[in-house]
Each structure stands twice: as C-alpha cells, then as structure tokens.
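One letter stands for each residue in the lines below.
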Amino acid sequence: MAIILGPNRYGKAETRLVRVTRDGEIHHLKDLNVSTSLSGDMEAVHLTGDNAAVLPTDTQKNTVYAFARKHGVDQIEDFALLLARHFTGSQPAVRHARVEIEEYAWDRVPVTGHSFTRRGGEVRTCVVHHDRDGRVSVVSGLKDLVLLNTTGSEFHGYAVDEYTTLPPATDRVLATAVHARWRHAGDTPSYGDSYARVRDRLVAAFAGTHSLSLQQTLYAMGERALAECPEICEVRLALPNRHHFAVDLSPFGLDNDNEVFNAADRPYGLIEGTVLRDDAPEPGFAWE
C-alpha cells in the first residue's frame, strides 16, 4: 500500500479590509472580509518541509492591502479577480487561486459626507477561481437576507406517521434568511448591476409566490432570477425556515386570528436546492 498526498491548498483567511476613498468632502467606504487560498506544486513542503514554493500567508494578507491602495475597490468580483490573477501570474508554483470576499454595506448619514451607519445583517459575497491555464469562474451571492411574508403561505397534504404532531396550515407566516449563490455564465459587464438585478428578482419571487411549501418558493426564486438575468446560469439557495407559531391565548380569554406569534429560532427546517439552465456550462471548480 502506498500513501500519497491528496488535494491541498493554503492561504490567509478573513483579512479585514476597510478602504476609504476621499472625493473632496464626500467619502466612500468599502468594508470587506477577504480570504485567499493557493494551490499548485506544493508537494515538497508537505513531504519534506521545503518552503521554497510557499508564498507566506502574511504576504497574501499584505497583497490584499497593497492592491486596495494601488487599485482601489469597486465591485468585489473585480477585486477578487485582480488578486487571483496576480497570484497565479506571479508565483511559478501557484497553479490555482481561490479568492472569497464578503462585503458589509454602510449607508452615508445625509448631513455629512463622512459619517456612516452599518446596514442590517445582509452580506454580499463572491468566490473567484483562477488557474494557470486561464480558466476562470465567478460565483456571486448574498447571505443573511431576511425576508418575511405575513400571509400567502400554506403547508398541508404532507406525509404523516405516528410521530407527526404538526397541524396543517392554510395561512401561515413564511420567513427565512436567504443564502444565495449564483454562477456567472461568462463575462459580466458590471457585477454591481448584475448583483442588484439578481437580488431584486429573488426578493420579488419570494414576495409574489403564493407558497404551498418553502421548496416551491425556492424554485420560484431561482427560476425568476435565471429567466430575467441572462448573465447567470445556476443559482444555489439555502433557505432556513424561521418558524412563527401562533400563540395560544385561550387561557387568557383571548382569541388569536394569526396576529400574535412566537418566533422560534431553533430547531428550524432547512431547505436547499439548485436551479439551473439546461444548457449551463460545466461548473468545473466553481463550487469548490
């Protein structure tokens, strides 16, 4: 029996970067969490401890900061591509670079040009791959986008057994915290415009679907985004079901016509699924 080295990569995780761009008295703020990961001809460092092919993770961190100063930060996908191309193009041993970025949004306070408030919990994301052969993949996304419908949702007709206690529902609250990722089919002229379009379609489909199950809503969200955003070819969604249970107020002599709820944080149902075009190109390493 032979023992061999399997797939491996290394990098610097969660480099926190805040980039301020000063345009006179008006300032612009970018708040990012950047993770870089490199792979390639790294057998020697694992097998013998020879570090000659290893670009230190501290250097990767410094590159993030230096590139933010030299090139600025606009769309996170473009910044990730810039970093990935640099690592595969400048280091002979590096054959593949993966860059993942989370962006935290801030809104400018109107009375000044330099004061900001952090916007909710929603986070914009991207994962970029680039290898020495010039193959590129871009996956954009978002997480912690909290959505809620106070009506227009049902759940009944499901399988039951001796352990089933959940009563059928013909009018319930439907709430979730969306984690969505979508794969670009090729070059996208503006990642910012594309992000806004896809996000808008996801939200519109959630709001506009009379839901018989969260699975049905998931498919409607992915279908709407793909139908109206031709630059993407695949959407992957994870939708936790944030259950809202009507509180029994009868002990207090009160009725409750779907007006007072207990918002339970756990356990929760987790609905996951992929929606894609039938002619979508092979994903390659996009989802790694």
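Residues numbered from 1 in each chain as written. Predicted model: local features only at pLDDT ≥ 70, side-chain atom pairs only at ≥ 80, totals over all residues. Heavy atoms only, no water.

1. What about the packing of aromatic side chains?
This structure, assessed with the given rule, holds 2 aromatic pairs. When the ring of Phe155 is compared with that of Tyr158, the centres are 4.8 Å apart and the planes differ by 20°; the resulting orientation is stacked. Take Phe155: its relative accessible area is 26%, and that puts it in the partly exposed class. Between the aromatic rings of Trp182 and Tyr195, the centroid separation amounts to 5.9 Å while the plane-to-plane angle is 35°, which identifies the pairing as tilted. Taken together, the residues span a long stretch of sequence, with Trp182 in strand E6 (residues 174-184) and Tyr195 in helix H4 (residues 191-208) at a distance of 13 residues. Judged by its relative accessible area of 0%, Trp182 is buried. Of the residues examined, Tyr195 reaches a relative accessible area of 11% and is grouped as buried. (Phe/Tyr/Trp six-rings, centres within 6.5 Å; stacked < 30°, edge-to-face > 60°. Buried < 20%, exposed > 50% of the residue type's maximum accessible area, 1.4 Å probe, protein only. Helix = DSSP H or I, 4+ residues; strand = E, 2+ residues; numbered from the N terminus.)

2. Section: the side chain of Glu77
With respect to the helices and strands, the residue Glu77 is situated in helix H3 (residues 76-90). A distance of 2.6 Å separates polar atoms of two side chains, one belonging to Glu77 and the other to Ser140. Among residues more than four places away in sequence, those in contact with Glu77 are Arg124, Thr125, Cys126, Val128, Val138, Ser140 and Tyr191. (Polar contact = N/O pair within 3.5 Å; in protein donor to acceptor, adjacent residues only side chain to side chain. Contact = heavy atoms within 4.5 Å.)

3. A look at a negative patch on the surface
Together, Asp171, Asp255, Asp257 and Glu259 make up a region of like negative charge exposed at the surface. Residue position: Asp255 is located in the loop between strand E8 (244-246) and strand E9 (261-263). We classify Asp255 as exposed; its relative accessible area is 65%. (Patch = residues over 30% accessible without salt bridge, like charges linked within 9 Å, V, L, I, M, F, W, Y side chains within 5 Å. Areas by Shrake-Rupley, 256 points an atom, 1.4 Å probe, with all protein chains shown as cover. Salt bridge = Lys/Arg side-chain N within 4 Å of Asp/Glu carboxyl O. Lys, Arg positive; Asp, Glu negative; His and termini not counted. Charge placed at Lys NZ, Arg CZ, Asp CG, Glu CD.)

4. Things to note about the sheet that holds E6
Spatial strand order, E1-E2-E3-E4-E5-E6-E7-E10: 8 strands in an open sheet with antiparallel pairing. The open sheet is flanked by strand E1 (10-23) and strand E10 (269-276), the only strands paired with a single partner. With strand direction ignored, the average angle separating the axes of adjacent strands in the sheet is 20°. Examined bridge by bridge, strand E7 (residues 232-241) and E10 share 8 bridges and lie antiparallel to one another. Each bridged residue has a counterpart across the sheet, and for Leu237 the counterpart in E10 is Gly273. The sheet contacts of H3 involve E1, strand E2 (26-40), strand E3 (94-108), strand E4 (116-131) and strand E5 (136-149), and relative to E4 the element is tilted by about 35°. (Pairing = 2+ DSSP bridges. Axes fitted to C-alpha atoms, helices over the stretch in contact; angles between N-to-C directions.)

5. Comments concerning the packing of helix H2 (residues 57-71) against H3
The contact between H2 and H3 brings their axes to 11 Å, and the two run at 125°. One way to sum up the angle between H2 and H3 is to call them oblique. Of the two possible hands of crossing, H2 and H3 adopt the one that is right-handed. Across the interface between the two elements, Gln60, Thr63, Val64, Phe67, Ala68 and His71 from H2 touch Phe79, Leu82, Leu83, His86 and Phe87 from H3. (Parallel < 35°, antiparallel > 145°, perpendicular 65-115°, else oblique. Left-handed = near helix turned anticlockwise from the far one by under 90°.)

6. Some thoughts on the layout of surface pockets
Approximately 530 Å³ is the volume found for the largest pocket. Lining the largest pocket are 20 residues, with Leu166, Ala169, Arg172, His244 and Phe245 positioned closest to its centre. The leading source of residues in the lining of the largest pocket is E8, at 3 residues. For the lining of the largest pocket, the class distribution of residues is 11 nonpolar, 7 polar and 2 charged. (1 Å grid on protein atoms, 1.4 Å probe; cavity = no way out; pocket = protein on both sides within 12 Å on 5 of 7 lines; lining within 4 Å. Points joined across faces, edges and corners; volume = space filled by probe spheres on them. Nonpolar A, V, L, I, M, F, W, Y, C, P; charged D, E, K, R; others polar.)

7. Notes on H2
The end-to-end C-alpha separation of H2 is 21 Å, in line with the 21 Å expected for 15 residues at 1.5 Å each. Residues Gln60, Thr63, Val64, Phe67 and Ala68 constitute the buried set of H2. Down the axis, H2 shows its buried residues gathered within 130° of arc, on one side only. The outward face of H2, more than 90 degrees from its buried face, is lined by the exposed residues Arg69 and Lys70. Downstream of H2 by one or two residues, Gly72 has phi in the positive range, about 75°. (Expected span 1.5 Å × (residues − 1). Arc of directions from axis to C-beta.)

8. Regarding the pattern of salt bridges
Evaluated as defined, the whole model comprises 17 salt bridges. Of the charged contacts in the structure, one is a salt bridge between Arg124 and Glu77, with a shortest N-O distance of 2.9 Å. Of the two residues, Arg124 sits in strand E4 while Glu77 sits in helix H3, which places them 47 residues apart along the sequence. Taking the relative accessible area as the measure of exposure, Arg124 reaches 11% and is therefore buried. With relative accessibility at 0%, the residue Glu77 sits in the buried group. Note that Asp200 and Arg201 form a salt bridge whose closest N and O atoms lie 3.4 Å from each other. Residue classification places Asp200 among the partly exposed residues on the basis of a relative accessible area of 44%. According to the relative accessible area criterion, Arg201 is buried, its value standing at 19%. Overlapping salt bridges, with partners in common, bring together Asp200, Arg201, Arg224 and Glu228 in one network.

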